[in-house]
Amino acid sequence: MLTITTILEVMSTSANLPEAEHSGLLKFLSAAFYAVSSFLIIVVNKTILTNYRFPSYMFLGIGQMATTIIILYAAKINQTVHFQDFDRSIFIKIFPLPLLYVGNHITGLAGTKKLSLPMFTVLRKFTILMTMIMEARILKKKIPNRLIYSVLAIVFGALVAASSDLAFDAEGYTFILLNDVFTAASGVYTKKKLGTEGLGKYGILFYNAFIIFIPTLLASAFTGDLYKAITYEHWLNTPFVSCFLMSCIMGFVLMYSIVLCSHYNSALTTTVVGAIKNVAVAYIGMFLGGDYLFSWTNFLGLNICISGGLVYSYLTFHSSSKPSQCNGSRIQKNQDQLKIPIMEDSTDRLLVK
């Protein structure tokens with residue numbers, strides 16, 4: 001497990017640099033890492049929950065939290081990674097991320113059961129809009145108009161894709177829209193907390209899992225979910241156990257990839273990458289899934305979605321390479337400009353005296 005963390009640590013060697021100094025290559029690689037991790041965990045979880053009919057989503061989440069805690073604690077002991085030791089200030093520093101994580105998990109599962117896949121996909125796209133709004137309000141970030149237009153194209157494409165399936169379910173809509181809020185807020189606050197002293201990427205991952213592990217375990221026990229998981233009949237089945245352990249490890253990798261992508265990019269870019277991945281999965285499902293019902297309306301909407309996502313990706317990753325090329329000259333220029341005002345200020349003060 002430590003080798004995983006070591007490799008990821010090497011990948012993030014420039015983590016202490018300001019966001020503007022991150023190269024386009026690092027931004028692209030972190031986004032691609034997140035997309036691949038997200039896709040792989042979908043495949044593994046689908047196998048566990050569908051093929052093996054494992055009865056508990058919650059217990060699978062508990063396994064992923066436990067794995068994250070064990071890997072990062074072992075890495076911290078071996079001084080492979082570094083983050084602040086636990087004290088009372090941790091709760092203040094990491095708040096409200098644990099609450100957002102739990103809210104995201106609960107509303108996501110509840111909404112999935114209530115809505116059809118097309119409407120679920122459409123309503124989830126509103127996460128992108130909410131993330132964009134929260135970035136502007138909470139992080140005070142100015143988003144270029146060309147990125148706003150590409151985001152609107154993604155949402156519009158999702159609306160077109162699901163326009164043939166508009167069965168209204170008030171409870172389902174409420175859960176998914178709340179899920180959008182929790183997801184957007186979690187992404188934005190993760191980006192904000194990355195700059196918190198003593199936490200960093202690994203501290204956020206460790207303490208987020210650590211704080212919500214016991215409450216989630218108790219909730220699982222009280223609802224009977226834990227009993228169903230423990231009494232599951234295939235715990236001695238080697239292929240199932242291998243898939244379960246793979247899901248636990250991939251849960252850690254996915255959470256790390258989200259934090260890493262948010263660090264090198266923006267919370268909005270991380271959300272858009274997730275949306276592009278979902279559309280790509282839908283494309284794959286057309287040919288491999290066997291349960292996709294083709295319609296020209298849905299196909300047109302998916303193409304609008306992927307087009308908006310590709311335009312957003314091009315504008316984000318292509319433009320980010322330009323500042324890095326002339327970054328050294330800009331820093332030197334800024335330093336030269338700063339020298340004069342400082343000297344003038346000192347001279348003025350001397351003259352006043």
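Computed from a prediction, not measured in an experiment: that's the story for all the values here.

Enquirer: Describe the overall build of the protein chain, listing the residues and the values that go with them.
Expert: When helices and strands are tallied, the protein chain shows 15 helices and zero strands. Every one of the 353 residues in the protein chain was classed for burial, and the buried ones make up 43%. Nonlocal contacts in the protein chain, meaning residues at least 24 apart in sequence, comprise 84% of its contacts between residues at least 6 apart. Total accessible area on the protein chain stands at roughly 19,200 Å², and carbon and sulfur atoms take up 67% of it.

Enquirer: Give a description of the UniProt feature "transmembrane region" (unreviewed entry) in the protein chain that names residues and reports values.
Expert: Per the UniProt record, "transmembrane region" (unreviewed entry) is annotated on residues 25-44, 56-75, 146-166, 172-190, 202-223, 235-260, 267-288 and 294-315. In residues 56-75, helix accounts for 95% and strand for 0%; the two terminal C-alpha atoms are 29 Å from one another. The span residues 202-223 shows a helical share of 95% and a strand share of 0%, and its end C-alpha atoms are spaced 31 Å apart.

Enquirer: Describe the pattern of salt bridges, listing the residues and the values that go with them.
Expert: A full pass over the atoms with the stated rule returns one salt bridge. Asp 85 is the salt-bridge partner of Lys 76, the closest N and O atoms lying 3.1 Å from each other.

Enquirer: I'd like a description of the packing of helix H2 (residues 24-51) against helix H3 (residues 57-77), backed by residues and values.
Expert: Between two packed helices, what matters for the description is the angle formed by their axes and the separation of those axes. One way to put it is that H2 packs onto H3 with a least axis distance of 11 Å and a crossing angle of 135°. With respect to each other, H2 and H3 are oriented oblique. Crossing handedness for the pair H2 and H3: right-handed. Contacts between H2 and H3 involve Ile 41, Asn 45, Ile 48 and Leu 49 on the former and, on the latter, Tyr 57, Leu 60 and Gln 64. Residue composition of the contact of H2 with H3, by class: five nonpolar, two polar and no charged.

Conventions and cut-offs
- Residues numbered from 1 in each chain as written.
- Predicted model: local features only at pLDDT ≥ 70, side-chain atom pairs only at ≥ 80, totals over all residues.
- Heavy atoms only, no water.
- Helix = DSSP H or I, 4+ residues; strand = E, 2+ residues; numbered from the N terminus.
- Buried < 20%, exposed > 50% of the residue type's maximum accessible area, 1.4 Å probe, protein only.
- Contact = heavy atoms within 4.5 Å.
- Areas by Shrake-Rupley, 256 points an atom, 1.4 Å probe, with all protein chains shown as cover.
- UniProt positions renumbered as here; feature names shortened; annotations may be inferred.
- Salt bridge = Lys/Arg side-chain N within 4 Å of Asp/Glu carboxyl O.
- Axes fitted to C-alpha atoms, helices over the stretch in contact; angles between N-to-C directions.
- Parallel < 35°, antiparallel > 145°, perpendicular 65-115°, else oblique.
- Left-handed = near helix turned anticlockwise from the far one by under 90°.
- Nonpolar A, V, L, I, M, F, W, Y, C, P; charged D, E, K, R; others polar.

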